[in-house]
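Below are the chains, spelled out letter by letter.
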Amino acid sequence: MSSPILSLSELAMHFPTRAGLVRAVDGVSIDIAPGETVGLVGESGCGKSTLGKTAMRLTRPTAGSIRLDGHEISDLSRSALRPWRSKLQMVFQDPYASLNPRLTVGRTLEEPLIVHGRGTAAERRDRVRWLADKVGLRPEALQRHPHEFSGGQRQRIGIARALALEPKLVICDEPVSALDVSVRAQVINLLMDLKRDLGLAYLFISHDLSVVEHVSDRIAVMYLGKLVEIADRRTLWTRPLHPYTQALMAAVPVADPAKAADRRPVLLEGDLPSPLDPPSGCRFRTRCPIAVPQCAEREPPLRPLAPGHFVACDRVAGT
Amino acid sequence: MKDFLRRFARNKAAIGGVVILLVVIALALLAPVLYPDSPWDMVAEPFLVPGADRAHPLGSDMMGRDLAAGIFHGARVSLVIGIVATLVALAVGVTIGAIAGYYGGWVDNALMRVTELFQTIPAFIFAIVLVSIFQPSVTSIVLAIGTVSWPPVARLTRSEFLTLRSREFVQACITIGMGDLRIIVLHVLPNALAPIIVTGSLMVATAILTEAGLAFLGLGDPNVMSWGTIIGAGRDVLRTAAYVTAIPGIAILLTVLALNLVGEGLNDALNPKLKNR
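Figured I'd write up the structure that's included with this text. What you see is a predicted model; the values in this text were computed from it and never measured. (Residues numbered from 1 in each chain as written. Chains lettered and ligands numbered in written order. Predicted model: local features only at pLDDT ≥ 70, side-chain atom pairs only at ≥ 80, totals over all residues. Heavy atoms only, no water.)

**What about the overall build of chain B?**
At step 1: Within chain B one finds ten helices and zero strands.
At step 2: Each helix and strand of chain B, ordered N terminal to C terminal, gives the series α-α-α-α-α-α-α-α-α-α.
At step 3: Seen through its principal axes, chain B has C-alpha atoms that stretch 75 × 45 × 30 Å.
At step 4: Within the span of chain B, comprising 277 residues, buried residues form 49% of the whole.
At step 5: Here the analysis covers contacts within chain B between residues at least 6 apart in sequence; of these, 71% occur between residues at least 24 apart.
At step 6: Positive and negative side-chain charges of chain B, numbering 19 and 17 respectively, have mean locations separated by a distance of 13 Å. (Helix = DSSP H or I, 4+ residues; strand = E, 2+ residues; numbered from the N terminus. Buried < 20%, exposed > 50% of the residue type's maximum accessible area, 1.4 Å probe, protein only. Contact = heavy atoms within 4.5 Å. Lys, Arg positive; Asp, Glu negative; His and termini not counted. Charge placed at Lys NZ, Arg CZ, Asp CG, Glu CD.)

**Comments concerning the interface of chain B and chain A**
At step 1: At the junction of the two partners, chain B supplies 19 residues and chain A supplies 27 residues.
At step 2: Both sides together, the interface formed by chain B and chain A hides about 2000 Å², and carbon and sulfur atoms give 52% of it.
At step 3: If you sort the residues of chain B by the area they bury against chain A, E168(B), T175(B) and I176(B) come out on top, with a joint share of 35%.
At step 4: The interface formed by chain B and chain A contains two salt bridges.
At step 5: Notably, a salt bridge pairs R182(B) with E111(A), separated by 2.8 Å at the nearest N-O pair.
At step 6: Elements represented by at least two residues in the side of chain B that touches chain A include exactly helix 7 (168-176) and helix 8 (180-216) of chain B. (Buried area = accessible area lost by both parts, 1.4 Å probe. Salt bridge = Lys/Arg side-chain N within 4 Å of Asp/Glu carboxyl O.)

**Topic: the environment of V88(B)**
Residue and element names in this part refer to chain B.
At step 1: With respect to the element layout, V88 can be found in helix 3 (residues 67-103).
At step 2: Among the residues examined, V88 registers a relative accessible area of 24% and is labelled partly exposed.
At step 3: Those residues in contact with V88 that lie beyond four places of it in its chain are V142, L143 and G146.

**Quick look at the packing of aromatic side chains**
Residue and element names in this part refer to chain B.
At step 1: Counted according to the given criterion, the structure contains eight aromatic pairs over all chains.
At step 2: On the numbers, 6.2 Å between centres and 35° between planes, the contact of F4 with F8 is tilted. Of this pair, F4 and F8 both sit in helix 1 (residues 2-9), four residues apart, which is roughly one turn of that helix. Both residues of the pair, F4 and F8, count as buried.
At step 3: Centroid distance Y102 to Y103: 5.1 Å. Interplanar angle 90°. Geometry classified as edge-to-face.
At step 4: We classify Y102 as buried; its relative accessible area is 8%. (Phe/Tyr/Trp six-rings, centres within 6.5 Å; stacked < 30°, edge-to-face > 60°.)

Take a look at the structure:
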């Protein structure tokens, strides 16, 4: 594998609140190679969005390192960070909130170029038109305001903005969750086309396993601020090892009734425990079907059970 | 913009307000044309009742000064002081509110404590104190009114910024690498402007009232005649010549009413969703 474009190491993001310290992200390590799509899945509240926003340096991480193209950016100031921003961009979840309602689409797309001092006014105009074309927007759209567009089109605008600075990695934070089912596929296909054409890497955050399976090369599963399993897509899909991953897989609907009938349902009981006070030892043990008392004593590290397949569970064995 | 104008035009009361305001503005603009001489000049016999003399349709006061000239020139003074004082208050209030709301944390805490400190002092009393310390002049009156009226603007701006800064488009600005000043001025402020404009239009009315109150108490600029100055002068003859007080009083009443109607109309037109409350 070539040297990673983004390398997170023991990244932690804790938020002090009145009720105590929320450990939204608590020691996550993962590498993303150039051109690779890594899917990040987990229940709502598991910290996956916080992980994306921390990697994006929207906040300063509590601990750990973020290396972008080999350079440490976790402790850079906002002005020192600016040149690095162009390599790493983000597509937001809510296309209704992520566009400034007062700016025309053209201006929204031009802003990143202005901030980074790219080109003359004429060159920027050409670049904006190229971007619009790239995401399938008509040139007339550039004169309009966001409220004149549907959710799917707005998300295209958001994607075009993320591409304006020619990033190498785009963090997609639930990019299709807020969209109608009918336009989800279009937006996902657009993202895949762009990846192929521009050689982008994605960190694709979603709670929807079927979407993540469709787009990802590798998938990371997150539970309560920690990664519990990382594997390439096929392995994770066919041989999930962590009991949490197995439960997630079991919850994905199967189209074939015959297959659905002989599937052994793994049911998760209860809700996600509070990240204010995570269970001792293995965080999943309170809902785990195979937990034993020892699970409360030691936090299981991510260990390789097969090449490229990491699992954070002491109770499962490799092949 | 077109939608906004159409919604505004549908509001009859607001249009009425605009008409009255245009009349007041016309008075102010025509003052030097129709009454080129100083309104302080004694040009008629004293206590001329309105309508008694064609040359002085609104009559004269106890010194024989033409009340119509006073109303025309007073419109200039009242409008200018009202608008400039409001601009001063908006400049201070929006800046403080924007910084507090955008940065939050201890910056917000510190700025809001200062704002509350200003709010605990009754506005009119505070204005009297400021004007009497700095000698009555148009400048000191404008600054005094601005000083006592910025806190509500700061609080309003802060609350708008608090909700807007967590919106994803602001985060998108940060991921682009935009500086704070550009985010605040170009991206957040335009989205917070609607309620600030509405408050501003109502503040002009309050500022005119405050100026009139100061002038009534003898704290007006002695070199310019505002509506409040005429009322203050007419106070002594309230029983014998009530019209001296009533005429500028009606002018103030109509102007303040008009500004309130316009403010309400702006509010409804800028927030169409809240209209059918």
